[in-house]
Amino acid sequence: MDLKDVPLYIGLIHHPVYNKRMQVIATSVTNLDLHDISRTATTYDVAGYFVIHPHQAQQRLVSEILRYWIEGYGAEYNPDRKEALERLTVASTLEDAKKMIEQKEGRLPKVITTDARIYPHSVGYREMRKKLVQEEGPWLLLFGTGFGMEQELMESADHILYPIWGRGPYNHLSVRSAAAIILDRLLGESWYDEEFTPVKE
């Protein structure tokens, strides 16, 4: 399978995640996460973007934002934003998101999680790129909000990616930035390969 044909979905987890005291909470939806991650998801042609939140008030907020940009004046004012946000779906739980993928793809997705911490059996990005092509999907790549996804959720995943390390000790990227970097590493051009030649289609 070619990397362009890999059925990869992404999900933004708002619960269960940790706060800075390592208590399990539900974080609030942010407008920037909806817009920016949708734009990244569309740039890298992911199969779908799930915002996963158990609270109905937060789900309604997302629905109102989507309605404005997909059906309202925003769709006319900025068609590019409409195209990006059309990939976004709200789900109450991770299991709901997985079932929606199963209905579309015919089988449950394999789950990949991300975190700023290292877990046993974490995998690197080149290795994960190979798995995406060599193993049968679909795949669901999860990003956590707050201070990261609950440990039980992390350890239930099929694969856990290594953290993103910069040049310094600071390690507090926004989830929007992390999503863009990780999707580029998994689905972007293999610029690090000595045999790679960039081609503009």
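Quick caveat: nothing in here was measured; it's all calculated off a predicted structure.

S.K.: What should I look at first to understand the UniProt feature "domain: tRNA (guanine-N(1)-)-methyltransferase C-terminal" (unreviewed entry) in the chain in this one?
M.R.: Under the present numbering, the feature "domain: tRNA (guanine-N(1)-)-methyltransferase C-terminal" (unreviewed entry) in UniProt falls on residues 8-188. Counted over residues 8-188, helix gives 44% and strand 19%. Its end C-alpha atoms are 13 Å apart.

S.K.: Honestly, a nonpolar patch on the surface in this entry has me stumped. Any pointers?
M.R.: Together, Tyr 68, Tyr 73 and Tyr 77 make up a nonpolar patch on the protein surface, roughly 380 Å² of accessible area in all. Within the fold, Tyr 73 resides in helix 3 (residues 73-77).

S.K.: When you look at the environment of Met 100 in this model, what are you seeing that I'm missing?
M.R.: By the element assignment, Met 100 lies in helix 5 (residues 94-105). Residue Met 100 is classed as partly exposed on the basis of its relative accessible area, which comes to 30%. Between the C-alpha atom of Met 100 and that of Val 51, which follows or precedes it by 49 residues, the distance is 13 Å. Those residues in contact with Met 100, other than ones at most four positions away along the chain, are Phe 50, Thr 89, Val 90 and Ala 91.

S.K.: Is there a simple way to think about the packing of helix 6 (residues 125-134) against helix 8 (residues 175-187) in this case?
M.R.: Two measures define how a pair of helices packs: the angle their axes make with one another and the distance between the axes. Orientation of helix 6 relative to helix 8, taken along the N-to-C sense of each, is 60°, at an axis distance of 8 Å. Relative to helix 8, helix 6 is oriented oblique. The residues of helix 8 that touch helix 6, namely those facing Tyr 125, Met 128, Arg 129 and Leu 132, are Ile 182, Asp 184, Arg 185, Leu 186 and Leu 187. Grouping the amino acids of the contact of helix 6 with helix 8 by side-chain chemistry returns 6 nonpolar, no polar and 3 charged.

S.K.: Can you walk me through the sheet that holds strand 8 (residues 139-144) in this structure?
M.R.: Picture the strands of a sheet paired through backbone hydrogen bonds; they go either parallel or antiparallel. Overall, parallel pairing links the 7 strands, which are arranged 5-4-1-8-6-9-7 in an open sheet. Strands with a single pairing partner mark the edges of an open sheet, and in this sheet they are strand 5 (88-91) and strand 7 (122-123). The pairing of strand 6 (residues 110-113) with strand 8 spans 4 bridges and is classified as parallel. Looking at the pairing, Thr 113 lines up with Leu 142 of strand 8. Its contacts with the sheet put helix 1 (residues 31-43) on strand 1 (8-13), strand 4 (48-52) and strand 5, and the angle it makes with strand 4 is roughly 155°. Its contacts with the sheet place helix 6 against strand 6, strand 7, strand 8 and strand 9 (159-161), and it is angled at close to 140° to strand 9.

S.K.: How should I be thinking about the packing of aromatic side chains in this particular structure?
M.R.: By convention here, two paired aromatic rings are described through the distance between centres and the angle between planes. Evaluation of the coordinates by the stated rule reveals 5 aromatic pairs. Over the ring of Trp 69 we find Arg 81; its NZ or CZ atom is 5.7 Å from the centre of that ring. Above the ring of Tyr 125, the side-chain terminus of Arg 185 is found at 4.7 Å from the ring centroid.

S.K.: Just to check I follow, could you spell out the side chain of Thr 27 for this structure?
M.R.: Position of Thr 27 among the secondary structure elements: in the loop between strand 3 (24-25) and helix 1. One polar contact links Thr 27 to His 14, side chain to side chain, over a distance of 2.9 Å. For Thr 27, the contacting residues outside a window of four places in its chain are His 14, Val 17, His 53, Gln 58, Thr 145 and Gly 146.

S.K.: Would you mind going over helix 5 with me for this structure?
M.R.: A turn of α-helix holds 3.6 residues, and therefore any two residues three or four places apart point the same way. The end-to-end C-alpha distance of helix 5 is 16 Å, a good match for the 16 Å that 12 residues give at a rise of 1.5 Å each. Buried residues of helix 5: Leu 94, Ala 97, Lys 98 and Ile 101, and no others. Looking down the long axis of helix 5, one finds its buried residues gathered within 100° of arc, a one-sided arrangement. Summarising the contacts, the buried residues of helix 5 are in contact with strand 1, strand 4, strand 5, strand 6, strand 8 and helix 7 (151-155). Following helix 5 by one or two positions, Gly 106 has its phi on the positive side, about 90°.

Parameters at a glance
- Residues numbered from 1 in each chain as written.
- Predicted model: local features only at pLDDT ≥ 70, side-chain atom pairs only at ≥ 80, totals over all residues.
- Heavy atoms only, no water.
- UniProt positions renumbered as here; feature names shortened; annotations may be inferred.
- Helix = DSSP H or I, 4+ residues; strand = E, 2+ residues; numbered from the N terminus.
- Patch = residues over 30% accessible without salt bridge, like charges linked within 9 Å, V, L, I, M, F, W, Y side chains within 5 Å.
- Areas by Shrake-Rupley, 256 points an atom, 1.4 Å probe, with all protein chains shown as cover.
- Salt bridge = Lys/Arg side-chain N within 4 Å of Asp/Glu carboxyl O.
- Buried < 20%, exposed > 50% of the residue type's maximum accessible area, 1.4 Å probe, protein only.
- Contact = heavy atoms within 4.5 Å.
- Axes fitted to C-alpha atoms, helices over the stretch in contact; angles between N-to-C directions.
- Parallel < 35°, antiparallel > 145°, perpendicular 65-115°, else oblique.
- Nonpolar A, V, L, I, M, F, W, Y, C, P; charged D, E, K, R; others polar.
- Pairing = 2+ DSSP bridges.
- Phe/Tyr/Trp six-rings, centres within 6.5 Å; stacked < 30°, edge-to-face > 60°.
- Lys NZ or Arg CZ within 6 Å of the ring centre and 35° of its normal.
- Polar contact = N/O pair within 3.5 Å; in protein donor to acceptor, adjacent residues only side chain to side chain.
- Expected span 1.5 Å × (residues − 1).
- Arc of directions from axis to C-beta.

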